[in-house]
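The residues making up each chain are set out below.
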Amino acid sequence: MTGKAYIQIAPYLQGALGRAVIERFWSKVDIRSKDECWDWKASLDTSGYGRFKLNPYVTGRAHRVALTIFGGDVGHGLDALHSCDRPKCCNPHHLRWGTVMDNVRDKIERGRVRSADMSGTKNPRAMLDEDELRFIIDCFRKGWTNKRIAEFVPVGHSLISRIRVGIAWAKETQALGWEPKPQFERRRAA
Ligand SMILES: [Zn+2]
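Note that the coordinates shown come from a computational prediction; the quantities given were computed from them, not determined experimentally. (Residues numbered from 1 in each chain as written. Predicted model: local features only at pLDDT ≥ 70, side-chain atom pairs only at ≥ 80, totals over all residues. Heavy atoms only, no water.)

A. Main features of the packing of aromatic side chains. This model, assessed by the stated rule, comprises 7 aromatic pairs. An angle of 85° between the planes, with centres 5.1 Å apart, marks the rings of F25 and F52 as edge-to-face. One end of the pair, F25, is in helix α1 (residues 15–26); the other, F52, is in strand β1 (residues 51–55), and 27 residues separate them in sequence. By relative accessible area, which is 0% here, F25 ends up buried. Their ring planes at 45° and their centres at 4.8 Å tell us that F140 and W178 sit as a pair that is tilted. Placement of the pair is F140 in helix α4 (residues 130–142) and W178 in the loop between α7 (170–175) and α8 (185–189), with a sequence separation of 38 residues. (Phe/Tyr/Trp six-rings, centres within 6.5 Å; stacked < 30°, edge-to-face > 60°. Helix = DSSP H or I, 4+ residues; strand = E, 2+ residues; numbered from the N terminus. Buried < 20%, exposed > 50% of the residue type's maximum accessible area, 1.4 Å probe, protein only.)

B. Focus on the coordination of the zinc ion. Around the zinc ion, the protein contributes the donor atoms C37 (SG), C84 (SG), C89 (SG) and H94 (ND1), at 2.1 to 2.4 Å from the metal centre. Relative to the metal, the 4 donor atoms surrounding the zinc ion lie at angles of 103 to 112°, and the coordination shape comes out tetrahedral. On the accessibility criterion, H94 (11% relative accessible area) is buried. (Donors = N, O, S within 2.8 Å, 3.2 Å for Na, K, Ca; no water. Tetrahedral: all angles 85-135°; square planar, octahedral: opposite > 155°, others 65-115°.)

C. View of the pairing of β1. Across 4 bridges, β1 lies against strand β2 (residues 58–61) in antiparallel orientation. Residue K53 lies in a different strand from β2, and its bridge partner there is T59. The loop that links β1 with its antiparallel partner β2 comprises 2 residues. (Pairing = 2+ DSSP bridges.)

D. Spotlight on helix α2 (residues 62–71). α2 sits mainly inside the fold: 7 of its 10 residues count as buried. All of the buried residues along α2 are A62, H63, R64, V65, A66, L67 and T68. Phi turns positive, to about 75°, at G72, one or two residues after α2.

E. Fine view of the packing of α1 against α2. Viewed as axis vectors pointing N to C, α1 and α2 meet at an angle of 125°, and their least axial separation amounts to 11 Å. With respect to each other, α1 and α2 are oriented oblique. Once α1 is placed against α2, the crossing between them reads as left-handed. Listed contacts from α2 to I22, F25 and W26 of α1 are A62, V65, A66 and I69. Tallied by class, the residues present in the contact of α1 with α2 amount to 7 nonpolar, no polar and no charged. (Axes fitted to C-alpha atoms, helices over the stretch in contact; angles between N-to-C directions. Parallel < 35°, antiparallel > 145°, perpendicular 65-115°, else oblique. Left-handed = near helix turned anticlockwise from the far one by under 90°. Contact = heavy atoms within 4.5 Å. Nonpolar A, V, L, I, M, F, W, Y, C, P; charged D, E, K, R; others polar.)

F. Inspection of the nonpolar core at higher detail. Core analysis: the largest hydrophobic core is formed by 24 residues, its most contacted members being L128, F135, I136, I149, V153, I160 and I163. Among the elements of the structure, α3 (100–109), α4, α5 (146–150) and α6 (157–164) are those that each provide at least two residues to this core. For this core, the element with the highest residue contribution is α4, accounting for 6 residues. Not counting residues up to four positions away in its chain, the partners in contact with I149 are F135, I136, C139, F140, W144, I160 and R164. One finds W38, V58, A62 and A66 within the second-largest nonpolar core, a separate group that totals 18 residues. (Core = buried A, V, L, I, M, F, W, Y, C linked by side-chain atoms within 4.5 Å.)

G. Structural view of the pattern of salt bridges. What the rule picks out here adds up to 7 salt bridges. With a closest N to O distance of 2.7 Å, D39 and R86 form a salt bridge. Placement of the pair is D39 in the loop between α1 and β1 and R86 in the loop between β3 (79–82) and β4 (95–98), with a sequence separation of 47 residues. Through salt bridges that share partners, D30, R32 and E36 make up one connected network. (Salt bridge = Lys/Arg side-chain N within 4 Å of Asp/Glu carboxyl O.)

H. Structural context of the environment of A62. Tracing the backbone shows A62 in helix α2. Residues A62 and A42, 20 residues apart in the sequence, show an inter-C-alpha distance of 9.5 Å. In this view, A62 contacts F25, W40, G50, R51, F52 and C90; residues no more than four positions away in its chain are not counted.

I. Inspection of unusual backbone geometry at higher detail. Even without glycine at this site, D85 takes up a positive phi of about 65°. With respect to the element layout, D85 can be found in the loop between β3 and β4. In this model, W169 sits at a positive phi of 55°, which is unusual for a non-glycine residue. Take W169: it is sitting in the loop between α6 and α7.

Given below as structure tokens:
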């Protein structure tokens, strides 16, 4: 879990020192043709993203570094999204800056999101991943209705309603910063 507090990468890439950092960075990438994936050759984090030391004390995610080198620092605060769906890929042509919402939409388009049919009453915990929960919380804050949110995630609006009021997925959404509104306390206790 990373939250949205990404480190700013661009300052580490400036000047002569920065040029050395960039050179060191590309030496760890399996550079291929424009259409192929460029895999990170060094260590990965628990989510499968490449880890790159910008200096001895600061580690960044490799794909974010790649996109920052390629496209500047426009993505500060945004996610670096993969069109190829491979976290360790550092091919800038496969990357773009986007929001959590873009990320979920991408996943839906790629059909990676599990179908709502698999659902679940049997195993409701298996239905949403962290990106989807983050997206749902983002929508709550934007004032979206449960029905509208349900169009974008593989669960029904009734489950989203229960997430909103803190009955379902309470621990996970709380970890992501969601706090149900006080007027729902009564329902939650019921
Ligand atoms: Zn790729």
